[in-house]
Amino acid sequence: MLSAFNAQPIVEFKQRDKSKIESILSFGDKVLVGLYTGTLRIYRINEQTKQIAHENGASHPPDESASQPNVRPADLLREVEKFSRRAIEQLAIIKEANILISLSDSYVSIHDVQSYTLQEQLVKTKGASTFAVTSNIVKDPTTGVPSIVSRLAVAVKRKLLLWSWHDTELSSESPEVTLSAAARTLTWADGTNLLCGLNSGYVMVNVESQKITDIVGPGSIGGVTSQEGSRFGSVGATGMGYMGMGSWGPKPLATRLTEGEILLAKDVNTLFVDPEGKALDRRQVPWPVAPEAISFSYPYLISLLSPYKGALEVRNPDTLSLVQSIPLQNASTLHVPQPNVSLAHAGKGSLIASDRCIWRLVSIDYNLQVEQLIAKGELDEAISLLGLLEDALVENKGDTLREVKMQKAQKLFGQRKYRQSLDLFTEVSAPAERVIKLYPRIISGELATIDDAVASDNESVLEANVNHDSEVLAQNGNSSKLVEDTKRSTIGKLKAESKKTTSDASSIRSWIRGEVGEGSDTGSVLGKHSETVSPDKPLEGKDLQTAVLELCTFLVGTRTKLQRYLNPDGSLKDAVSSPPDGSNGTPKPSFDSLLMISSLTDVDREQKLRETAKLVDTTLFRGYMLARPTLAGSLFRIPNFCDPDVVNEKLLESGRYNDLVDFFYGKKLHRPALELLQKFGQTDEDERAPTLHGPKRTVGYLQNLPPEMVDLILEFSEWPLTCNPELGMEIFVTDSENAETLPREKVVSFLQGIDLKLAVKYIEHLIHELNDLTPEFHNRLVSLYLERLKWRGGEKETKDIGFQTDNERAEWRERLLSFLRMSRQYSLARALGLIPRDDPEFYEARAIVLSNMGQHKQALEIYIFRLRDHEKAEEYCNRIHLSQVSPTSTPEQPHAPSASDNDTSPSIYHTLLSLYLSPPPPHSPSWEPALNLLSKHGSRLPASSTLDLIPSSLPIQDLESYFRGRIRAATSVINEGRVVVGLRKTETVESQAMLLLGDDSSGGKGGRNRRVMVGEDRVCGVCHKRLGRSVISVLPE
């Protein structure tokens, strides 16, 4: 058992002294002892004795017979013989009022605390059986000034008498409360609620409102509702009959524990309630026999057994387990000074007394108590004790509690309670390395401490299991050859525990194999299953998979915590790398709890954090591959720190090539990933990686690479372009930022080296989709168009640029002509030099270039004399005319010079007409297209120059359509002018009318000609005076 207290005898009556102790009271360094004869003795405890006793208690087991030589435990200061006429049954003190309260001869008396003289005997308390006092700080509701309020409650038969002191003044009010039965015990729950123990149960009395609340509990604790199940059900207020022997029943006991918790005890039944009397959901205290007295000596619950037993039991109020049993012969009285939750009274003032001896409880150092519990393997008790103690009472409480919880988690792991173990590891943010060491080599890798031979044999078996899972996955996708009844290979036996080394694992194993103390309740941790499982049994089969699944959950939580401090590239985040300075220098980084070693420099700590992240991700990958292979892929699609060698080896062995590609991409190992994709993409159907066949996956991978890796992109894009040009071009022409920011000149040169058509497609994408105005790309596109059109075959290396059909050639030629008309960026002289002069296929292209250069006559000569297409010549003139009329050049004629359409300057139609009527030799005049041009566009031709071109031999009748059109055009101009003049006149009239008369709308503008008639009878609308000949100002409204 634990040594929580030492019982040091401080007062022991000599044999010739026939006095008998009835009551005791601890007050500072004094002990007041009330005797059976009514005498009061005052002892002083020597400070040196207390210190020596404490030291002995801290270093030696308790020994009742031990005595300190030459030092008296206590000195008798005074003896008041006539303090009372009868036995002093109870003592209490109200320090703030400087009074001592005693119960003797069924009266409550008030004495001076210094002289011990009687001040007043409360006559109303005749027949009193017990009393209770309390002092609390209360703020005045009106002024808010705090004051100390002390209360005295006295039980007199069925009445409850109350007195109160405000600071040192006794209040004039002394209310009474009538109970249903006589109160045998009184306990203050707080400053206003009083707990009364009756024969029939317990009631809570509010002394301010005088409200009484019944407390219902199990067995003999409860009121009416619990009498049926009570072993002393007939011992109620009405069950004893006329004889009045209710006091023979078990005494109702009560004590305050921590804030907000009170323990009720009657017989062996217990109930935990709050200060309002509401029951708390806690199990009963497992007392073997009914205690005589109970109290709370911080931080333990102490109970005094029957004098025949002569023992003091110390229990943990949290776990309710027995911590210590101190034999005390004939002990019958227990006293703990109030307030019993104060740190200043942590066992220092607790007294136990028999008829002739008084013991003082001396608390053992809390650090030693925790060490004792850990050494005995009572980890639950150690955790509970650390939770009860204040931080100032234990050195490094947080670190100690964390270490004990980790040891408990390791103990649970050895008992095959994996979920509870890993949940506890997660709760304390245990270092991942410490947890991973608990697993075999297949999971822990280099951290494993089991034999290599055992690990090797089992790795091969587990790898077969993983391969089976991979085949099942492949079957769900594209494979159909896997047989459903294939047996899984059994997992080899793997040691769950490490050898004893210098690592932390050695201490862990010692706890797992350690013995549990006989008197401790820690043994309850061992479940039914764990009692039948040997701690040395190897971790195998379903146990291994269950443990690994719980480990994965733990590692995911640890991974989330690491992401708070690490960027995806492995660097520390700014908030972590530069923490604010504390009062004593730079504070300890918050991520140290995740590391195995905390005494590192900042640089080493950062490196250790990266190594821990790598260990966590790699182990998580191993766990997924063993227990849930389908989840491994999700780990690779997010930033991770997995060891590439481990992942590569495992995924290759299991045939999970798709996941391996995702992993390489996440780790930016693009070359191995692309080599793997090329390997499976260029081969025939391969059942190992059906999703990697063909160039589709490679194209998708290359699309996600940044422009900085253009060399790698071009290197591995060649085979998709060769295999499937349409799909391969998606690498460069897809709508993504990566594709748009690639070095375009480099891509064009690369594509041109593979296939001219690919280069043309890419340049067209740049110009038409991305609006690239770089002249070099426009010039190159023109040259590539012409290169393919001029190719006639015969060159082996360029055989792929030919046309398969005439329609394809016509479509390609149309693309050239459209681009020549549209683009403004290509070099006209260069393009004209590339276009063959005498090839009929390029006549129109040459005409377009000449047109863009402003050489309209030469362009029209090509249309008329070489192409002999008068319609295209007319269309050409229409485009040029429209471009000259519009303020800006149209896309179809970007290079044309502007000219005004009048009779003095020749128009494009005049040039066309001159070529028709006065062609250069050896061509003859074309009368029909010339007359057609005159009839359609005669109005656009200068009259004088046009008539000069017409030969005198041409009949006037043939020129009828020309003159008619000319006259109509002139008439249209005149009519249009008349209409415009009329409209402008109308507009002028409206403007003048608005100016003179204003508009007709209410509240609108007034005109200049608006008049007001003022007669002799006209008066002002404001002052009502006659206006007469006064100066008048008319307001707009």
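Criteria and thresholds
Residues numbered from 1 in each chain as written. Predicted model: local features only at pLDDT ≥ 70, side-chain atom pairs only at ≥ 80, totals over all residues. Heavy atoms only, no water. Axes fitted to C-alpha atoms, helices over the stretch in contact; angles between N-to-C directions. Helix = DSSP H or I, 4+ residues; strand = E, 2+ residues; numbered from the N terminus. Parallel < 35°, antiparallel > 145°, perpendicular 65-115°, else oblique. Left-handed = near helix turned anticlockwise from the far one by under 90°. Contact = heavy atoms within 4.5 Å. Nonpolar A, V, L, I, M, F, W, Y, C, P; charged D, E, K, R; others polar. Salt bridge = Lys/Arg side-chain N within 4 Å of Asp/Glu carboxyl O. Core = buried A, V, L, I, M, F, W, Y, C linked by side-chain atoms within 4.5 Å. Buried < 20%, exposed > 50% of the residue type's maximum accessible area, 1.4 Å probe, protein only. Pairing = 2+ DSSP bridges. Polar contact = N/O pair within 3.5 Å; in protein donor to acceptor, adjacent residues only side chain to side chain. pLDDT = per-residue confidence, 0-100. Phe/Tyr/Trp six-rings, centres within 6.5 Å; stacked < 30°, edge-to-face > 60°. Lys NZ or Arg CZ within 6 Å of the ring centre and 35° of its normal. Expected span 1.5 Å × (residues − 1).

### Quick notes on the packing of helix α28 (residues 843-852) against helix α29 (residues 856-866)
In step 1: It is at 7 Å that the axes of α28 and α29 come closest, and there the two elements cross at 160 degrees. Taken as axis vectors, α28 and α29 run roughly antiparallel relative to one another. Considering only the axes of α28 and α29, their crossing is left-handed. Of the residues in α29, those in contact with Y843, E844, R846, A847, I848, L850 and S851 of α28 are H856, Q858, A859, I862, Y863 and R866.
In step 2: In terms of residue class, the contact of α28 with α29 is built from seven nonpolar, three polar and three charged.

### Some details on unusual backbone geometry
In step 1: With an omega of 0 degrees, the peptide bond running from Y298 to P299 counts as cis.
In step 2: With respect to the helices and strands, P299 occurs in the loop between β22 (293-297) and β23 (300-304).
In step 3: Residue P922 is reached from P921 by a cis peptide bond, and omega for that bond is 10 degrees.
In step 4: Within the fold, P922 resides in the loop between α31 (908-917) and α32 (927-937).
In step 5: One non-glycine residue with positive phi stands out, namely S106, at about 65 degrees.
In step 6: Residue placement: S106 occurs in the loop between β7 (99-104) and β8 (107-112).

### Considerations on the pattern of salt bridges
Two side chains bearing opposite charge may form a pair once their charged atoms approach each other closely.
In step 1: One pass over the structure, following the stated rule, counts 37 salt bridges.
In step 2: For the salt bridge of D380 with K408, the shortest nitrogen-to-oxygen distance reads 2.7 Å. Of the two residues, D380 is situated in helix α3 (residues 379-388) and K408 in helix α4 (residues 397-414); the sequence distance between them amounts to 28 residues.
In step 3: Residues joined by salt bridges that share partners form a network here, namely D17, R41 and E79.

### Considering the nonpolar core
In step 1: Among the nonpolar cores identified, the biggest contains 139 residues, and F425, Y439, F621, F732, L751 and Y762 are the most heavily contacted of them.
In step 2: Other than its neighbours up to four places away in sequence, Y762 contacts M729, F732, V733, R744, V747, V748 and L751.
In step 3: In this structure, L257, Y366, L379 and A382 belong to the second largest nonpolar core, which totals 45 residues.

### Observations concerning the pairing of strand β19 (residues 253-256)
In step 1: Judged by which residues are buried, β19 turns out to be covered on both faces: L253 and T255 on one side and A254 and R256 on the other are all buried.
In step 2: Linking β19 to strand β20 (residues 262-266), which pair antiparallel, is a turn of five residues; within it G260 sits at a positive phi near 85 degrees.

### Remarks on the side chain of N46
In step 1: If you trace the backbone, N46 turns up in the loop between β4 (40-45) and α1 (47-59).
In step 2: Under the relative-accessibility criterion, N46 is labelled buried at 15%.
In step 3: A polar contact of 2.3 Å, which involves the side chain of N46, links it to the backbone oxygen of R72.
In step 4: Setting aside anything within four residues of it in sequence, one finds N46 in contact with R72, P73, A74 and D75.

### As for the confidence of the model for the chain
In step 1: Looking at the chain, the pLDDT average stands at 79 and 78% of residues meet or exceed 70.
In step 2: Residue range residues 49-68 is modelled with pLDDT below 50. Its contacts to residues more than four positions away, or to other chains, number 27 contacts.

### Focus on the sheet that holds strand β2 (residues 21-27)
In step 1: Overall, antiparallel pairing links the four strands, which are arranged β2-β3-β4-β5 in an open sheet. A single partner strand is all that each edge strand has here, and the edge strands are β2 and β5 (74-80). Direction aside, neighbouring strands of the sheet carry axes that sit 20 degrees apart on average.

### Thoughts on the packing of aromatic side chains
In step 1: If you walk through the whole model with that rule in mind, you get 14 aromatic pairs.
In step 2: Grouped by ring-pair contacts, the aromatic residues F621, F636, F663 and F664 constitute a single cluster.
In step 3: In this structure, R282 is placed above the aromatic ring of F272, and the distance from its NZ or CZ to the ring centre is 4.2 Å.
In step 4: When the ring centre of W812 is taken as reference, the NZ or CZ atom of R788 above it lies at 4.5 Å.

### A word on α4
In step 1: Helix length check: α4, at 18 residues, gives a terminal C-alpha distance of 26 Å against a target of 26 Å (1.5 Å per residue), a fit within 8%.
In step 2: Considered for burial, the residues of α4 that qualify are K397, L401, V404, K405, M406, Q407, A409, Q410, K411, L412, F413 and G414.
In step 3: Positioned one or two residues after α4, R416 has a phi angle of 70 degrees, which is positive.

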